[in-house]
Amino acid sequence: MQKDRRVIAIVQARMGSSRLPGKVAKEIMGKPMLAYLIERLKYAKEVDQIVIATSDKENDDRVAEIAKNERVSVYRGSEDDVLSRYIEAAKEFQADVIIRITGDCPLIDPVTVDKAVVEFLNSKVEYLRINVDDDGYPRGLDTEVFGFDTLLRVQELVMKEERSRDNPYREHVTFYINKYPEKFKYKVYQASEKLKRNYRLCVDEEADFNLIEEIYKRLYEEDKIIDILDVINLLDNNSNLAQSNAHVEQKKA
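About the criteria used
Residues numbered from 1 in each chain as written. Predicted model: local features only at pLDDT ≥ 70, side-chain atom pairs only at ≥ 80, totals over all residues. Heavy atoms only, no water. Salt bridge = Lys/Arg side-chain N within 4 Å of Asp/Glu carboxyl O. Helix = DSSP H or I, 4+ residues; strand = E, 2+ residues; numbered from the N terminus. Core = buried A, V, L, I, M, F, W, Y, C linked by side-chain atoms within 4.5 Å. Buried < 20%, exposed > 50% of the residue type's maximum accessible area, 1.4 Å probe, protein only. Contact = heavy atoms within 4.5 Å. Axes fitted to C-alpha atoms, helices over the stretch in contact; angles between N-to-C directions. Parallel < 35°, antiparallel > 145°, perpendicular 65-115°, else oblique. Nonpolar A, V, L, I, M, F, W, Y, C, P; charged D, E, K, R; others polar. Polar contact = N/O pair within 3.5 Å; in protein donor to acceptor, adjacent residues only side chain to side chain. Phe/Tyr/Trp six-rings, centres within 6.5 Å; stacked < 30°, edge-to-face > 60°. Pairing = 2+ DSSP bridges. Right-handed = clockwise from strand over helix to strand, strands pointing away.

**Q** Now, about the pattern of salt bridges: what can you tell me, with residues and values included?
**A** As a working rule, side chains carrying opposite charge can pair if their charged atoms are close by. Per the stated rule, a full pass over the model turns up 22 salt bridges. With a closest N to O distance of 3.4 Å, K23 and D104 form a salt bridge. Within this pair, whereas K23 is found in the loop between β1 (7-12) and β2 (27-28), its partner D104 is found in the loop between β6 (97-102) and α4 (110-123), the two being separated by 81 residues in sequence. A network of salt bridges, in which partner residues are shared, links R19, K23, D104, R200, D204, E205 and D208.

Below, the structure written as structure tokens:
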């Protein structure tokens, strides 16, 4: 395994969510949602550095403040061109391998992140994502791993697209890879049976946030992160809780 490569987790986060504005700073038991995500990522053994990549807009000063309070790095760049924000952040912090995480996943699983990185390095692929589609991991454990060189190649390919400055390939960092997987050495990492669930553990709407808040209230202990298996067990045994946000539709790119 090539662990001599520098692995950086870049978390994209901003205050300007269309469906639930300011969600990354919404507090659960007196602590911002983004802070819980950072706390969990710090347990990932394969991550050399965590970078919060937000916009340079004044509205996102709060995101930068949370990151600094949690003692992780911050990169601020374009609000809409997230692809360039990732590239610039990766350059600044000298990333060889990038883990892409979104700021609306406050139950991101460090064990799954580590497994994804190890599988990426061992498989010698250009891009790996965990399966969060039907019959996969719960939505909200979303983890993507790719090389910095792959990101640069995506930028080159996107630049050739008509109206590239306005197209979704810039707003959604890995959209091009997932639309044209045949152009890359591409792998989907499957969930084990114990984690294979269709639960929503990401936050797009108020119902999602309410579920996450309830999970934290029931399971969180100071100085100890919630085991994702305990979350699964809680939802398996409380169907009303598990279905409380089932009506929320995943936003399409």
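**Q** Tell me what's going on with the nonpolar core, and back it up with residues and numbers.
**A** Side chains of nonpolar character tend, in soluble globular proteins, to be buried together. If you look at the biggest cluster of nonpolar residues, it comprises 65 residues, and the most contacted ones within it are L34, L41, I52, L107, L201, I215 and L235. Per-element tally for this core: the top contributor is helix α1 (residues 33-41), with seven residues. Every residue in contact with L201, bar those within four places of it in the chain, is listed here: D104, P106, L107, P138, R139, G140, L141, I212, I215, I228, V231 and L235. In terms of nonpolar packing, the next biggest core, distinct from the first, is built from 26 residues, F93, L157, V158 and V173 among them.

**Q** Mind laying out the packing of helix α8 (residues 206-219) against helix α9 (residues 228-236), listing which residues take part and the relevant values?
**A** The description of two packed helices rests on the angle between their axes and on the distance between the axes. Between α8 and α9, whose axes approach to 11 Å, the crossing angle comes to 110°. Between α8 and α9, the angle falls in the class roughly perpendicular. Packed against α8, whose contacting residues are L211, I215, R218 and L219, the element α9 presents D230, V231, L234 and L235 at the interface. Residues belonging to the contact of α8 with α9 are distributed by class as follows: six nonpolar, no polar and two charged.

**Q** Summarise the side chain of T174; cite the residues concerned and give the values.
**A** Along the chain, T174 turns up in the loop between α6 (168-171) and α7 (175-179). Side-chain polar atoms of T174 contact the side chain of E144, separated by 2.5 Å.

**Q** Could you give me a rundown of the packing of aromatic side chains, with the residues and numbers involved?
**A** Counted according to the given criterion, the structure contains nine aromatic pairs. Both rings, one in Y36 and one in Y220, keep their centres 5.3 Å apart while their planes meet at 90°; by these two values the pair is edge-to-face. Of this pair, Y36 sits in helix α1 while Y220 sits in the loop between α8 and α9, placing them 184 residues apart in sequence. Looking at Y220, the relative accessible area reads 14%, which means it is buried. Ring centres 6.3 Å apart and planes at 20° place the aromatic pair Y127 and F146 in the stacked group.

**Q** Describe the pairing of strand β5 (residues 73-77), with residues and values.
**A** Regular strands place side chains that alternate from one sheet face to the opposite one. The buried fraction of β5 is high, at four of five residues. In this sheet, β5 lies alongside strand β4 (residues 49-55) in parallel orientation, the contact comprising five bridges. In the strand pairing of β5, A53 is matched with Y75. For the segment spanning β4, helix α2 (residues 61-69) and β5, crossover handedness is right-handed.

**Q** Tell me what's going on with the sheet that holds strand β7 (residues 127-130), and back it up with residues and numbers.
**A** Sheet architecture is open: seven strands sit in the order β5-β4-β1-β6-β8-β7-β9, paired in mixed fashion. Either end of the sheet is taken by a strand with one partner, and the two such strands are β5 and β9 (186-189). Averaged over neighbouring strand pairs, the angle between their axes works out to 25° when direction is ignored. The sheet contact formed by β7 and strand β8 (residues 144-147) spans three bridges and is antiparallel. Counted as the bridge partner of Y127 is F146 from β8. This element, α2, spans β4 and β5 of the sheet and lies at about 165° to β5.

**Q** Run through unusual backbone geometry, naming residues and quoting values.
**A** Most peptide bonds take the trans configuration, and most residues that are not glycine carry a negative phi. Even without a glycine there, the phi angle at M29 is positive, about 55°. Summarising the element assignment, M29 is placed in the loop between β2 and β3 (31-32). For M29, a relative accessible area of 43% corresponds to the partly exposed category. Although it is not a glycine, K124 adopts a positive phi angle of roughly 55°. Among the structural elements, K124 can be located in the loop between α4 and β7.

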